[in-house]
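Each chain, written out:
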Amino acid sequence: MKIERIDLIPVEYPFRGEFRISRGSVGSAALGRQTVIAKLTTEDGTVGWGESAPIRQWSYETLESVYSTLSRYLVPAVLGADLFDLDGLHRRMDAEIAPGYTLGQPIARAAIDIAAHDALGKTLGVSLSQYWGTARLRSIPLSWTVAVPTLEKAEEAVEEGRAAGYSHFNIKVGSEERLDFDIALARYVRQAEPEGFLWADANGGYSVQTAKEAARRLADAGVDVLEQPLPINAVTGYRELRRLNALPVAVDEGIVSPRDLIEWMRLDLIDGIAMKPMRVGGLFPQRRLIETALDAGLMFLGSGLTDPDIGFAASVQIYAAYGLKYPAALNGPQFLSASAASKGVQVQKGCAHVPGGIGLGIEMDESALERMRIEAGF
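Residues numbered from 1 in each chain as written. Predicted model: local features only at pLDDT ≥ 70, side-chain atom pairs only at ≥ 80, totals over all residues. Heavy atoms only, no water.

### Here's the deal with the nonpolar core
Nonpolar side chains in soluble globular proteins generally cluster together in the buried interior.
And then number 1: Counting 122 residues, the largest nonpolar core has Leu-70 and Val-146 as the members making the most contacts within it.
And then number 2: Ala-250, Ala-274, Leu-301 and Ala-329 belong to the second-largest nonpolar core, a separate cluster that totals eight residues. (Core = buried A, V, L, I, M, F, W, Y, C linked by side-chain atoms within 4.5 Å. Buried < 20%, exposed > 50% of the residue type's maximum accessible area, 1.4 Å probe, protein only.)

This is the structure:
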């Protein structure tokens, strides 16, 4: 089965509230959530849906770079490729875009990978978990994101999450100048939800010395895991944190490919890895990362990029298939106020339920996509 066509649709999902990380705002009602949708069509007319959702304050990839990389290089490279040869599909993309620190343009290429998986499931008439041969969970608990500038705002965010049925929380920390606030935030959320899983994400915002102090104090405050405390290239700093052993340390931005994970494991730098299908180039490399981490006894944490319908479904599918043990930090339902799927993932009482059906298990409403389309002169 050959890939015949891939159409690219840049869209903007409406956003509610504001989402901030250590580098500043990464989402607001004024901007919306901009993504590039990929509609893949095979030679027999089967359609698979994929998505790239860059965040320029978090990754070097932008909406413009994703669209140009896909339209000029990756899409032409995979037209005519065998849909069933996922390894070959990635080798074609590897040949077009060279790596930098790690895999080249992973967010862009994820759109093609996810669309190919959706089309594969539809061609075979099976769900992705059936295609992978693993279906460990039918639903996964979610974590509510608390990304706020004050404790008063934290109180509002926690109460909103609890009212929506959430009992697990992830907090955004990592301010070099406001470590005391980070600790106070952690203590407040832990006191508000004593039994929930509490996950602190610094997005690489701390220096080594601050991270060491933060790890000790966050552990005392009741945090369960600290994600990406240092920049991705602070390798010796991660070694110091690992030796400190104050709190389990997971890496997100610093590990994109399976080779990256193997190197970090050999150096004994981390306790776990937080993963996103879109950040690692799609579901094919994500499976290799998960299996490597699980075989090595590392924590496997699931998160996302405030993913709309397609990316959210891809994340839920793979985390459930591999029996994710910890609540997933997938906050698309928290921050996005509209959907372009006529059938998608259902979220109830803080849990995401794996959609039934074939492929990703979702159905896209193309008229809704057209209403969200961005005419930005790409």
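Now that the structure is up, let's keep going.
### Some remarks on unusual backbone geometry
And then number 1: A positive phi angle, near 55°, is found at Asn-245, a position not held by glycine.
And then number 2: Within the secondary structure, Asn-245 sits in the loop between α8 (235-244) and β11 (249-251).
And then number 3: The phi torsion at Lys-349 lies on the positive side, around 50°, for a residue other than glycine.
And then number 4: For Lys-349, the location among the structural elements is in the loop between β15 (346-348) and β16 (351-353). (Helix = DSSP H or I, 4+ residues; strand = E, 2+ residues; numbered from the N terminus.)

### With respect to a negative patch on the surface
And then number 1: Residues Glu-4, Glu-43, Asp-44, Asp-82 and Asp-85 make up a contiguous surface patch of negative charge.
And then number 2: Residue position: Glu-43 is located in the loop between β4 (33-42) and β5 (47-52). (Patch = residues over 30% accessible without salt bridge, like charges linked within 9 Å, V, L, I, M, F, W, Y side chains within 5 Å. Areas by Shrake-Rupley, 256 points an atom, 1.4 Å probe, with all protein chains shown as cover. Salt bridge = Lys/Arg side-chain N within 4 Å of Asp/Glu carboxyl O. Lys, Arg positive; Asp, Glu negative; His and termini not counted. Charge placed at Lys NZ, Arg CZ, Asp CG, Glu CD.)

### Remarks on the sheet that holds strand β6 (residues 139-141)
And then number 1: What the three strands build is an open sheet, ordered β6-β16-β15; its pairing is antiparallel. The sheet terminates laterally at β6 and β15, the two strands that pair on one side only. The sheet shows a mean angle of 25° between the axes of neighbouring strands, direction not considered. (Pairing = 2+ DSSP bridges. Axes fitted to C-alpha atoms, helices over the stretch in contact; angles between N-to-C directions.)

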